[in-house]
Amino acid sequence: MLVAVISSLRSKDPSSQVGAAIVSPKRHILGTGYNGFVGGVDEKSFPWAHEGDWLSTKYPYVVHAEENAILNSTAYDLEGCSLYTTLFPCNECAKSIAQKRIAEVVYLSDASRLREPREAARIIFTAARIACRRIELSSTDEILGRLRLVLDRHRGQNA
């Protein structure tokens, strides 16, 4: 899950930074993604607004983290893999997740402001027999403490 959290930091979305990581049954990372505009375009020409006229919002243009993780995957066959995501997927991402035969969705939060896409995703996951579970991370202080230990260890080796 921490890989998904770190991936979310790449998102420039001012209202919701979402990250995702796909992991094989052998626990190898196969793909990561974050929510952002289509690659290769000038992002400054697109809006980040989340309210107003649909074409004036981010929604028709942003590729979600889960979809980016699938598209960026190093493997074509994702059957049996787990997808870790910082936000429970919407119905559009759920379709791709089910189509790729991903076995499990592990999420950090389901605090999306849009209820219907989240409920549709749950229906898709149930029909496709995709397990879903919420995970709770250790406290931020504990995670940062562990990270500091690793970084200090590496700094000591480079001295």
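Overview of the structure. (Residues numbered from 1 in each chain as written. Predicted model: local features only at pLDDT ≥ 70, side-chain atom pairs only at ≥ 80, totals over all residues. Heavy atoms only, no water.)

**Side note on the overall build of the protein**
Keep this limit in mind: What counts as a helix is a DSSP run of H or I of at least four residues, what counts as a strand is a run of E of at least two, and both are numbered from the N terminus. Our radius of gyration is a C-alpha quantity, and the globule rule it is checked against amounts to 2.2 Å times the number of residues to the power 0.38. Only protein chains enter the area calculation, which uses a 1.4 Å probe; residues under 20% of their type maximum are buried, those over 50% are exposed, and those in between are partly exposed. Surface accessibility in these figures is a Shrake-Rupley result with a 1.4 Å probe; residues are shielded only by whichever protein chains are displayed. Counted charges follow a simple rule, with Lys and Arg positive, Asp and Glu negative, and His plus the chain ends left uncounted. Here the site of a charge means NZ on Lys, CZ on Arg, CG on Asp, or CD on Glu.
Helix and strand counts for the protein come out as five helices and seven strands. Reading the helices (α) and strands (β) of the protein from amino to carboxyl end gives α-β-β-β-β-α-β-α-β-α-β-α. By the compact-globule yardstick of 15 Å for 159 residues, the protein fits well, its C-alpha radius of gyration being 17 Å. On the principal axes, the C-alpha backbone points of the protein span a range of 55 × 40 × 30 Å. Put simply, the protein has 159 residues, and 35% of those count as buried. Surface summary for the protein: the accessible area is close to 9900 Å², and the carbon and sulfur share equals 54%. The protein carries 20 positive and 18 negative side-chain charges, and their two centres are separated by 5 Å.

**Details of the side chain of threonine 85**
Formally: Counted as a polar contact is a pair of N or O atoms within 3.5 Å, where, for protein atoms, one must be capable of donating a hydrogen and the other of accepting one, and residues adjacent in sequence contribute only when both atoms are in side chains. We call two residues in contact whenever any of their non-hydrogen atoms come within 4.5 Å of each other.
Position of threonine 85 relative to the elements: it lies in strand 5 (residues 82-87). There is a polar contact of 3.0 Å between the side chain of threonine 85 and the side chain of glutamate 66. If sequence neighbours within four positions are ignored, threonine 85 has contacts with Met1, Ala4, Val18, Gly19, Ala20, Glu66, Val105, Val106, Tyr107 and Leu108.

**A look at the pairing of strand 1 (residues 19-23)**
This is how it is decided: Whether two strands pair depends on DSSP finding at least two bridges between them.
Among the five residues in strand 1, five count as buried, and that is most of the element. Neither face of strand 1 is left uncovered, since the one carrying Gly19, Ala21 and Val23 and the one carrying Ala20 and Ile22 both have all their residues buried. Alignment of strand 1 against strand 2 (residues 29-34), held across five bridges, turns out to be antiparallel. Along strand 2, the bridge assignment pairs isoleucine 22 with glycine 31. Connecting strand 1 to the next strand, strand 2, in antiparallel fashion are five residues, including arginine 27 with a positive phi near 75 degrees. Note that strand 1 and strand 5 share four bridges and pair antiparallel. Across the sheet, residue alanine 20 finds its bridge partner in strand 5, namely threonine 85.

**Side note on helix 3 (residues 91-99)**
All of the buried residues along helix 3 are Asn91, Cys93, Ala94, Ser96, Ile97 and Ala98. At its buried positions, helix 3 is contacted by helix 2 (65-71), strand 5, strand 6 (104-109) and helix 4 (115-127). Arginine 101 lies just past helix 3 and shows a positive phi near 65 degrees.

**Some thoughts on the sheet that holds strand 2**
We apply this condition: Interaxial angle, 0 to 180 degrees, is taken between N-to-C directions of lines fitted to C-alpha atoms, where a helix line uses only the stretch in contact.
Strand order across the open sheet formed by five strands is 2-1-5-6-7, with mixed pairing between neighbours. Looking at the sheet topology across the chains shown, the edges are occupied by strand 2 and strand 7 (131-134). Averaged over all adjacent pairs, the angle separating strand axes in this sheet is 15 degrees, with direction ignored.

**Examining the pairing of strand 6**
How we decide: Handedness of a crossover is defined as follows: orient the strands so they point away from the viewer, and if the path from the first strand over the helix to the second runs clockwise, the crossover is right-handed.
By the bridge criterion, five bridges tie strand 5 to strand 6 in an arrangement that is parallel. By the bridge assignment for strand 6, serine 82 is matched with glutamate 104. Crossover handedness for the path strand 5 to helix 3 to strand 6: right-handed. Relative to strand 7, strand 6 is paired through four bridges, and the arrangement is parallel. In the sheet register, valine 106 faces strand 7, and the bridge partner there is arginine 133.

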